[in-house]
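Summary of the model geometry
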Amino acid sequence: MEIPKHIIGELKKAGKRVFIQFPEGLKSKEIQEIAKSLEKEGFECVLCVERTYGACDVRDMEAKRMKCDVILHVGHVDFGVKPEIPVVYWEYFIGSDPVPIIEKELGKIGKYKKIGLVGSIQYMDKLPEVKKYLESKGKKVFIAEVEGVKYPGQILGCRLKAGKVIEGKVDVFLVVSAAKFYGVGLVLNTDKPMLTVDVEAKKLTNVDDEKKRIHKIIAWNKSLFKDARKVGILVTWKKGQLVLPYTIKKHLEKMGKEAYILAGDELTQEKILGLKLDFLINTTCPRVGTDDTERYEIPMLNWDQAVRA
Ligand code: SF4
């Protein structure tokens, strides 16, 4: 994919050495092409091979240690993190057209009249075309513009306002993204039906079963939390996810629990193996404590779920 001229221009203003953060999906091929194109423009590139799930993760300290002038954050938009060196965000629109997929599976939307349209950043350039198509089929389509979000209809895994503000007006949500991560995020926070236009798998997917499954796990973990004695508090030092855990620890101790603060970059089951904990409280990405709990052998809740348990 060609690097847009304005991105090259912004990078040139910031310096010569570029620290590149990118989603896992681009690792196989595209990211090397991007680095090569930048080198042809006179830049020196460092590819950050640590996983980058969102713009909550800005590795300015690492980039500084590598003596880079600027970070190129691919596939994300500004999350509001205050970095110590300039960051250029490149949305990286995928270019795949979701309309033929919707056209093929229109029967699944048939009974709904009013549609709330949202999507992930990579498909934001396609939402107007999807809206136009659905309107040509007699649907009323809502796309919300919300403050602090760059594109109308854009949702993140943890920021769902573009869906929430139109919830009362729509019969169904249509989420344009790859796989079901974004659809699951929204379906867990709404009672409205939800269909994901999975642009990679080229089909419309219903994520309601996933919602039931995750709610069951959360309910089960809440029941286990009451009797948990030895609790680990998962904390990440990723800039946009960091929550200082000291009050949470005191709160847990007041509840009669033995609590430990476990800090790292990306927390995993392997990293906490051997600590013999019987419960985890997650303060990192909120999706870890909802639909990612099965990666851990120990039951887990997000802190806000635990205080309501
Ligand atoms: S906190 Fe989690 S869901 Fe939110 S942007 Fe970061 S990785 Fe995505």
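Residues numbered from 1 in each chain as written. Predicted model: local features only at pLDDT ≥ 70, side-chain atom pairs only at ≥ 80, totals over all residues.

One open sheet accounts for four strands, arranged 2-1-3-4; its pairing is parallel. If you trace the sheet from one side to the other, it starts and ends with strand 2 (44-47) and strand 4 (87-90), each paired once. Geometrically, the sheet is characterised by an average inter-axis angle of 25° between neighbouring strands, direction not taken into account. Bridge analysis of strand 3 (residues 70-74) against strand 4 gives four bridges, and the strand direction is parallel. Bridge pairing in strand 4 links V74 to W90. Across the sheet, helix 1 (residues 5-14) is in contact with strand 1 (17-21), strand 3 and strand 4; its angle to strand 4 comes to roughly 170°. The strands that helix 2 (residues 30-40) touches are strand 1, strand 2 and strand 3; relative to strand 2, the one it contacts most, it runs at about 160°. (Pairing = 2+ DSSP bridges. Helix = DSSP H or I, 4+ residues; strand = E, 2+ residues; numbered from the N terminus. Axes fitted to C-alpha atoms, helices over the stretch in contact; angles between N-to-C directions. Contact = placed C-beta atoms within 7 Å.)

What follows covers helix 8 (residues 208-225). End to end, helix 8 covers 26 Å across 18 residues, agreeing with the expected 26 Å (1.5 Å per residue, within 8%). By the burial criterion, the buried members of helix 8 are K211, N221 and F225. End-on, the buried residues of helix 8 take up no more than an arc of 100°, which puts them together on one face. Those residues of helix 8 that are exposed and aimed more than 90 degrees away from the buried face are D209, K212, K216, A219, W220 and S223. On its buried face, helix 8 sits against helix 7 (181-187), strand 12 (279-282), strand 13 (300-302) and helix 11 (303-307). (Expected span 1.5 Å × (residues − 1). Buried ≥ 20, exposed ≤ 12 C-beta atoms within 10 Å, placed from the backbone. Arc of directions from axis to C-beta.)

One can read the domain layout of the protein chain as domain 1 (5-90), domain 2 (99-206) and domain 3 (214-307). Measuring from the centre of the C-alpha atoms in domain 1 to the corresponding centre in domain 3 gives 31 Å. The interface is formed by eight residues belonging to domain 1 together with six residues belonging to domain 3. Across the side of domain 1 that touches domain 3, the residue classes break down as six nonpolar, no polar and two charged. (Domains from an automatic or database assignment. Nonpolar A, V, L, I, M, F, W, Y, C, P; charged D, E, K, R; others polar.)

Sheet analysis places strand 10 (residues 230-236) next to strand 11 (residues 258-264), joined by seven bridges and oriented parallel. Looking across to strand 11, one finds that L234 is bridged to L262.

The buried fraction of strand 10 is high, at six of seven residues. Each parallel crossover has a hand, and the one from strand 10 via helix 9 (residues 246-254) to strand 11 is right-handed. One ladder, built from four bridges, connects strand 10 with strand 12; its direction is parallel. By the bridge assignment, L234 is partnered in strand 12 with N282. (Right-handed = clockwise from strand over helix to strand, strands pointing away.)

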